[in-house]
Structure formats: structure tokens, C-alpha cells
Amino acid sequence: MSFIPGQPVTAVVQRIEIRKLRQGEHLILGFSIGGGIDQDPGQNPFSEDKSDKGIYVTRVTPGGPAEVAGLMMGDKVMQVNGWDMTMVTHDQARKRLTKKNEDVVRLLVTRKSLEQAVRHSMM
């Protein structure tokens, strides 16, 4: 996915609904994130142009709620429960994902394979 700063972003997205796993007082999602507008985009292994400051899935726990829901390492998180995640800090993203009063997290994600499939279907 390429973009021009200041212009709307067009992306092929997939909806993923993750039911948090309750372990005592903790709610487990089963994945980790990286990125954010306060992070160095050059360190992001999933960004093609190394200027993308988006939030990316960096780890998915095997057999965990995120994997069961279909989340994959390298997915870019575009929305969390309706909140735009394209211009947030790492900490803002973490807080949106780990709200204690939400047992379900609804994500809109994009991934390279989705975009490639759409491009291939248009040929």
C-alpha cells in the first residue's frame, strides 16, 4: 500500500473480531504490535517504503485468540472498534486494544496478500 502524505489512503481491508481470553483479572488478545507516529518507521520490517508510521502486528501467539480469529503477523491495523489507527502513537494504539471493559476487539486490517489478490483479479 502506497500513500501520498496529506491525501486519503485507499486500502483493501479485512474485518477481524477477536474475543479476548480472560485469565484471572487479565484479558488476553494474543498478539503484539509495533509502530506508531512516535516510532522510527525505518525499524518497521513490514513497511515497504520505510516511511509508514502505521501500527503493525509484530507477533501472534500460536493458538491464541488473535490467531484463531485470523490475524496474521505483518497485518496493518487500520481501525480498532471504529477508532482510526492510522495516525496514533504506539501507546495510544496499545490503550485502544487493551480496554478493560471490552471483551471483543473488532479490527480492520490490511495485508499485502489482500492487495495482491485484488490487483490480480483486476487483470
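Here is what the cut-offs are and how they apply
- Residues numbered from 1 in each chain as written.
- Predicted model: local features only at pLDDT ≥ 70, side-chain atom pairs only at ≥ 80, totals over all residues.
- Heavy atoms only, no water.
- Helix = DSSP H or I, 4+ residues; strand = E, 2+ residues; numbered from the N terminus.
- Buried < 20%, exposed > 50% of the residue type's maximum accessible area, 1.4 Å probe, protein only.
- Contact = heavy atoms within 4.5 Å.
- Areas by Shrake-Rupley, 256 points an atom, 1.4 Å probe, with all protein chains shown as cover.
- Core = buried A, V, L, I, M, F, W, Y, C linked by side-chain atoms within 4.5 Å.
- Phe/Tyr/Trp six-rings, centres within 6.5 Å; stacked < 30°, edge-to-face > 60°.
- Salt bridge = Lys/Arg side-chain N within 4 Å of Asp/Glu carboxyl O.

- As annotated in an unreviewed UniProt entry, the chain carries the name Tax1-binding protein 3 and comes from Esox lucius.

### Section: the overall build of the chain
Here's step 1: The helix and strand inventory of the chain stands at three helices and eight strands.
Here's step 2: When the helices and strands of the chain are listed from N to C terminus, the series reads β-β-β-β-β-α-β-β-α-β-α.
Here's step 3: Considering the chain as a whole, with its 123 residues, one finds that 36% of them fall into the buried category.
Here's step 4: Once local pairs closer than 6 in sequence are excluded, the contacts in the chain between residues at least 24 apart make up 66%.
Here's step 5: About 7700 Å² of surface is accessible on the chain, with carbon and sulfur atoms providing 54% of the total.

### Details of the nonpolar core
Here's step 1: Of all hydrophobic cores here, the largest spans 19 residues; its most connected members are Ile18, Phe31, Leu71, Val77, Val80, Leu97 and Leu107.
Here's step 2: Counting residues per element, the ones that place at least two in this core are strand E1 (14-19), strand E4 (31-35), strand E5 (55-60), strand E6 (76-80), helix H2 (90-97) and strand E8 (104-110).
Here's step 3: Excluding anything up to four places from it in sequence, valine 80 contacts Met85, Arg96, Leu97, Val105, Arg106 and Leu107.

### Let's talk about the packing of aromatic side chains
Here's step 1: According to the stated counting rule, one finds one aromatic pair in the structure shown.
Here's step 2: Taking the centre distance of 6.1 Å and the plane angle of 20° together, the rings of phenylalanine 46 and tyrosine 56 count as stacked. Here tyrosine 56 lies in strand E5 and phenylalanine 46 lies in the loop between E4 and E5, a separation of 10 residues in the sequence. The residues phenylalanine 46 and tyrosine 56 share a single accessibility class, namely buried.

### Section: unusual backbone geometry
Here's step 1: You will see that asparagine 81, though not glycine, has its phi angle at about 50°, which is positive.
Here's step 2: Within the secondary structure layout, asparagine 81 lies in the loop between E6 and strand E7 (83-84).

### Here's the deal with the environment of glutamine 79
Here's step 1: The residue glutamine 79 is located in strand E6 in this model.
Here's step 2: C-alpha separation for the pair glutamine 79 and leucine 107, spaced 28 residues apart in sequence, amounts to 5.5 Å.
Here's step 3: Those residues in contact with glutamine 79, other than ones at most four positions away along the chain, are Asp84, Met85, Arg106, Leu107 and Leu108.

### Some details on the pattern of salt bridges
Side chains bearing opposite charge may pair, as long as their charged atoms lie close to each other.
Here's step 1: Under the criterion given, the structure shown has seven salt bridges.
Here's step 2: Arginine 19 serves as the salt-bridge partner of glutamate 17, at 3.8 Å between the closest nitrogen and oxygen.
Here's step 3: Looking at arginine 19, the relative accessible area reads 56%, which means it is exposed.
Here's step 4: Residues joined in a network through salt bridges with shared partners are Glu17, Arg19 and Arg106.

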